[in-house]
Amino acid sequence: MHVKMVVGRYAPDRKLDGELGAPYPPPYADKPRKTYQTFEIDLHDEAMVLDGLIHIREHVDDSLVVRCSCRCAICGSCAMWVNGHAKLACTTKMKDVIENGTVRVEAPPAMMPIRDLVWDMGPFMEKMRSVKPWLEGKPVSPDEEYRVPNEAMDELVQEVSCISCGACLMDCESYAVNEKFLGPHALARAYRYANDPRDSMQQERLKEYSDPNGVWDCTHCYECVHVCPKGVAPLEQILKIRQMSVAAGYTNNAGTRHALAFAESVRDSGRLNELTLMPKSLGLFNIKAQLQSLPSAFNLLRAGKLPPIIHHKIPGVTRVKAIFKKVGGPLT
Amino acid sequence: MIIDYDVLVLGAGLAGMRAALEAKRRGASVGVLSKVHPLRSHSGAAEGGINAALDPGDSWEIHAFDTIKGSDYLADQDAVEIMCREAPRDLIEMEHMGVVFFRGPDGKLGTRAFGGASKARTYFVADITGQALLNALYDTILKEGVKTHDEWFATALYVPDGTCRGAVAIDMLRGELHLLRAKAVILAAGGMGRVYEPSTNALICTGDGHALAYRAGAPLMDMEMVQYHPTTLKGTGFLMTEGARGEGAYLTNKDGERFMQRYAPKMMELASRDVVSRSETIELAEGRGVDGCVYLDLRHLGAELIHKKLPQIHEIALNFLGLDMVEVPIPIRPGMHYIMGGVKTDSDGATPLAGLYAAGECACVSVHGGNRLGANSLLDTLVFGRRAGAHSADYVKSVKPLESGEEFLKSEQQRIQALLDRPYKGETHARLRLELGTLMDDKVGVYRDEAGLQDALAKVRAIQARAQSVSVQDKGRIYNQALLFALELDYMIDCAEATIMSAIERKESRGAQARSDYPKRDDANWLKHILVTQTPGADPKISYQPVTITKWQPMERTY
C-alpha cells in the first residue's frame, strides 16, 4: 500500500521545512501552528497508522518524534489526531483512514504540542489527580481482603480498562470551551472510586463531582464514547455519577436544576420551554447569574433564535403525564 | 542541575513504584525517574495474574516447590521461601489499595489455574491484571505524594569511590542533563525484551537497568535464562496470556491434535513455559505447524467466558489478525518474553555494589532460576520492590550527604554531545537493532548450540563496533528520541553480550537454556549460577555462585 502521510511537525527550538499549517478554528485559534510535511511510504496492506510513523522514524527521518511503546493499545502512549479525530495510532488501520491515498496525523489542538506528535500530558494527568483517584478504604483487617460481590468489581473493570491515552479529552466538546472541565477520563475514574463498595468517601466524592466543572458540565456529545479505544465509555460513567449524586441529595446545583426543569417542562407541556429553562437552571433568585446570561439572550434575539414568548402545550399532553406516572420517581 | 534525594528509584513500573512507596513510608526522601509516564510502564502489559498461596487448601511450601521445580532447581530456595511466604500479604495489600480482583461466590478473592502450578493460586482482573495493579499503585503514589520525574532517561550511574550515589539523566521534555544525587539507588528498569526480535515486550524494554549496573561493575546473573512464552501472536508477536490456557484453552497442531499429551501428559497445556515452548518448537521442526505456527484453541470456552475474562487478547487477535477467537483457533508461536537473569541481588534487593539496589525484572534474586512460572513476575516486583524500598530506607540513615558530582555531570554532557556530533556514515540505530534482535532470536532462542552461540557472540561484537559510528541526525534538544534510541542500543548490546557469554558458559540444558549439544541437565557440574562482570579494558569476567538449597533436593522434572 502506497501512502502519503501528512505529518504535523512542531519543534519549538528551530524552524522546520514544509508548509505552515492554517490556524485552527476557534477555540484553538491561539494554539501553535504546525508545519506539515508529507512522507510517501510503502506499507503492507494491514499496517496500522503507527507502523507508518515508525517506518518514517526508522528509515526516512529520525527526527520524527512519536510516543509509542506496546503497539497494541495497552500502554496508551500514541493517542493523536488522525484526519482530525482522536485515535490510537497503534490500532488504527491505515486502510480504514486513508482518503485519496493520504492520511493526516498531528498532535491534537486541544493539547499543547511539545514536539511533533508529542503533546503535554500535564493538564490531562492533573485533572485525573484532582478527583482523588485512590481508595479511601473502609476499615478492614490487614490480613484479609474486603468481602465484596464479584458483580461490584466487574462493574468497575470497564473503567479500569482505561489506559489514560487522552483520546477522550482531546475530542471533548466541553473541554474545548472550558479548560477547567474535569473531562471524561477523570470523571470516569471518579466513578470507579465513587462506586467502589470498599471506599469510605462516597458522599464527599459525589458532592465534589457535582460541583461546577464536574459531571454536570458534560454536554452528552458522545465523542468520548466514540473515540475511546478501550470501550470505557466515559459518558456512561458520568451519567452514573449524576444518578448517584441526585439520589444522594446533591441537587443544589445548576446541573440538577437544569435536568429537573427539563423534565418538568416536558411533563407539564409535552415540550421544552426554553424561556424558563435557563432561569430555573441558574436558580430563580440567582439575579447575578441571570443578568450575566442577558448578552446571550440578546444575541439569540438578534439572530431570530429566541424561543416563543408564549409557550404552548402539545395536544395530548395527558398521555405524556401518563408516561411519567408509569415510569415513577420524583416527578410523578 | 543537581537534585538530591535519599533514595533514587530508576523505573516506575510495579517494582519501582512499590519500592518508592515503601522507602517514603519509612521516612526517606524519594525521587522516582521513568523514561515514560509511570502509567506507560510495561508492568501494565502483564495479563494473566499474580500468584499467592492464600487459599486454605494451598500453602507457601507448595507454591515454593512449584516455583523451584519450575526454575529447574536453579532458583535460590531461601529467596523463593521469602517470596512465597510474603505473597499473601502483598496481594492483600494491593487489594486494599483498590485492585478490582475477581471474586468467588463468597465475595473472597477467586483464582484461575496457571502453568506449572499444582494449585489454582493465580489472582486476576480479567486479562488486564498488570494494568489494574499499575493503576492502583500509581493512584496510591499520587495519594502519598511520591515525586516522579516523568520522561527522564538515565545515561549512567554515579559511582564515586566504589559506592553508588546517584545517576545522570536526560529530561527528555527539555533536553537537559541533570545529576540526581542519592544515598542509595534502586534499579527497577524492567526487562530487555527488545534485545530480541520479535518479542512480547514493549519498545521501551531495552535492558537499561541491566546495562547501567553492568557498566558500573555490578555482576549480572543467570543471563542465559531467557524465557520464550509459548503463546505469542503470529506476525506481531503480541502476548496471548497464559490465562487463556489457565481457563482451559488447548494447544493444537495442524492435525488438530493436542500435542502436549506427548510431552507433558499430566499437566498438558499447563506445563511450565520452557517445556511448552520447546514442545511447540519440536512440533514446528517436525512439520506439524502451519506457516511457522501452532494453534491456541479457545472455541470450547464459549463467547461469554472469552468476553468476560479474556477481553484484551480477544481484541488484540481481532485487531491484528482479523481473527475472532470465539470462532477460530489463533495461530501462535513461542516468542521471547522475559529475562530471568538480571543484576545480582540479595533478598533485600542489595547488589554487591554498595548503595545500589535492584528489583523486578532487571534484578536476579534469584527466584526464577532457569524458568519463571507465569504470574510469579508480578509477585516478584511487589515483594522485592517493597523489600528493596525498606532496606534502602534504613541503609541511607548511615550515609552522609555528598557535595561532589559536578565533574561527572560534565563528563556525561560531553559524552552525549560527542554522540550528537558524530558525522553520518550510514549506520543507523534502527538497522542495528533489527540485526541484533533477529540474530538473538535465531541463535540464542529456544534451542542453542556452541557453534550458533559463538557465531552470535562474534556478530554481537561486530554490531558493538558498528554501534560506535551510529549517528543521530536529529540535532534538536527538545524530546530528541533518536538520541534516546542510540543510547538504548548500547544498553541492548551489553545485555546481548552478557546473555550469549552466559549461554556459552553453561554446558548443559536447564530451564530455558536448552543446548542441543548438551541435552541433559548436569547437576554435578552446573547446579550453580553464572555471573558476568564487565571489566575495564578486557573481556567480561565469568564467575560462579552456588545455588542455595534449603529443603528441596533437585529431582527429575516432569509435568
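Scope of this entry: the structure provided in the associated data block.

Definitions and limits used
- Residues numbered from 1 in each chain as written.
- Chains lettered and ligands numbered in written order.
- Predicted model: local features only at pLDDT ≥ 70, side-chain atom pairs only at ≥ 80, totals over all residues.
- Heavy atoms only, no water.
- Helix = DSSP H or I, 4+ residues; strand = E, 2+ residues; numbered from the N terminus.
- Buried < 20%, exposed > 50% of the residue type's maximum accessible area, 1.4 Å probe, protein only.
- Contact = heavy atoms within 4.5 Å.
- Lys, Arg positive; Asp, Glu negative; His and termini not counted.
- Charge placed at Lys NZ, Arg CZ, Asp CG, Glu CD.
- Buried area = accessible area lost by both parts, 1.4 Å probe.
- Salt bridge = Lys/Arg side-chain N within 4 Å of Asp/Glu carboxyl O.
- Polar contact = N/O pair within 3.5 Å; in protein donor to acceptor, adjacent residues only side chain to side chain.
- Pairing = 2+ DSSP bridges.
- Axes fitted to C-alpha atoms, helices over the stretch in contact; angles between N-to-C directions.
- Parallel < 35°, antiparallel > 145°, perpendicular 65-115°, else oblique.
- Nonpolar A, V, L, I, M, F, W, Y, C, P; charged D, E, K, R; others polar.

Notes on the overall build of chain A
A tally of regular secondary structure across chain A gives 15 helices and eight strands. By principal-axis analysis of the C-alpha atoms, chain A measures approximately 70 × 70 × 35 Å. Within the span of chain A, comprising 332 residues, buried residues form 51% of the whole. Counting only contacts in chain A whose residues sit at least 6 apart along the sequence, the fraction spanning at least 24 positions is 69%. The centroid of the 41 positive side-chain charges in chain A is displaced by 8 Å from the centroid of its 40 negative side-chain charges.

Focus on the interface of chain B and chain A
With 58 residues of chain B at the contact, the number on the chain A side is 64 residues. Carbon and sulfur atoms make up 54% of the area that chain B and chain A hide from each other, which totals about 4900 Å². Summed over the three residues of chain B that lose the most area to chain A, namely B:Arg40, B:His96 and B:Val100, the buried surface amounts to 14% of that side. Here chain B and chain A share eight salt bridges between them. Scanning the region where chain B abuts chain A turns up 34 residue pairs in polar contact (both at pLDDT 80 or more). Looking at the side of chain B that touches chain A, the elements that each hand over two or more residues are helix H3 (77-96), helix H4 (129-144), helix H9 (311-321) and helix H14 (481-505) of chain B. Ranked by residues supplied to the side of chain B that touches chain A, first place goes to H4(B) with seven residues.

A word on the sheet that holds strand S17 (residues 363-364) of chain B
Residue and element names in this part refer to chain B. On the basis of which strands lie adjacent, the open sheet formed by five strands has the order S17-S15-S10-S20-S21 and mixed pairing. One side of each edge strand has no neighbouring strand; the edge strands of this open sheet are S17 and strand S21 (541-546). Inspection of the sheet shows strand S20 (residues 528-533) paired to S21 by six bridges, in the antiparallel sense. In the strand pairing of S21, Leu531 is matched with Ser543. Sheet contacts for helix H5 (residues 208-215): strand S10 (220-221), strand S15 (342-344) and S20; angle to S15, the most-contacted strand, approximately 40°. In this fold H14 packs onto S10, S20 and S21, with an angle of close to 140° to the strand it touches most, S20.

Let's talk about the packing of helix H11 (residues 254-269) of chain A against helix H15 (residues 317-327) of chain A
Residues and elements named next belong to chain A. As a packed pair, H11 and H15 sit with axes 6 Å apart at the nearest point and diverge in direction by 130°. Of the possible angle classes, the one that applies to H11 and H15 is oblique. In this structure, H11 contributes Ala263, Val266, Arg267, Asp268 and Ser269 to the contact, and H15 contributes Val317, Val320, Lys321 and Phe324. Its residues placed into classes, the contact of H11 with H15 shows five nonpolar, one polar and three charged.

Quick word on the environment of A:Arg71
Looking at the secondary structure, you find A:Arg71 in the loop between helix H1 (49-59) and strand S4 (79-82). As for A:Arg71 and A:Ala89, which are separated by 18 residues in sequence, their C-alpha atoms are 8.5 Å apart. Beyond its immediate stretch of four places on either side in the chain, A:Arg71 contacts A:Leu50, A:Cys90, B:Arg194, B:Ser199, B:Asn201, B:Leu203, B:Thr236, B:Phe238 and B:Phe320. A polar contact is formed between the side chain of A:Arg71 and the backbone oxygen of B:Asn201, at a distance of 3.3 Å.

On their own, these measurements won't tell you what the molecule is for.
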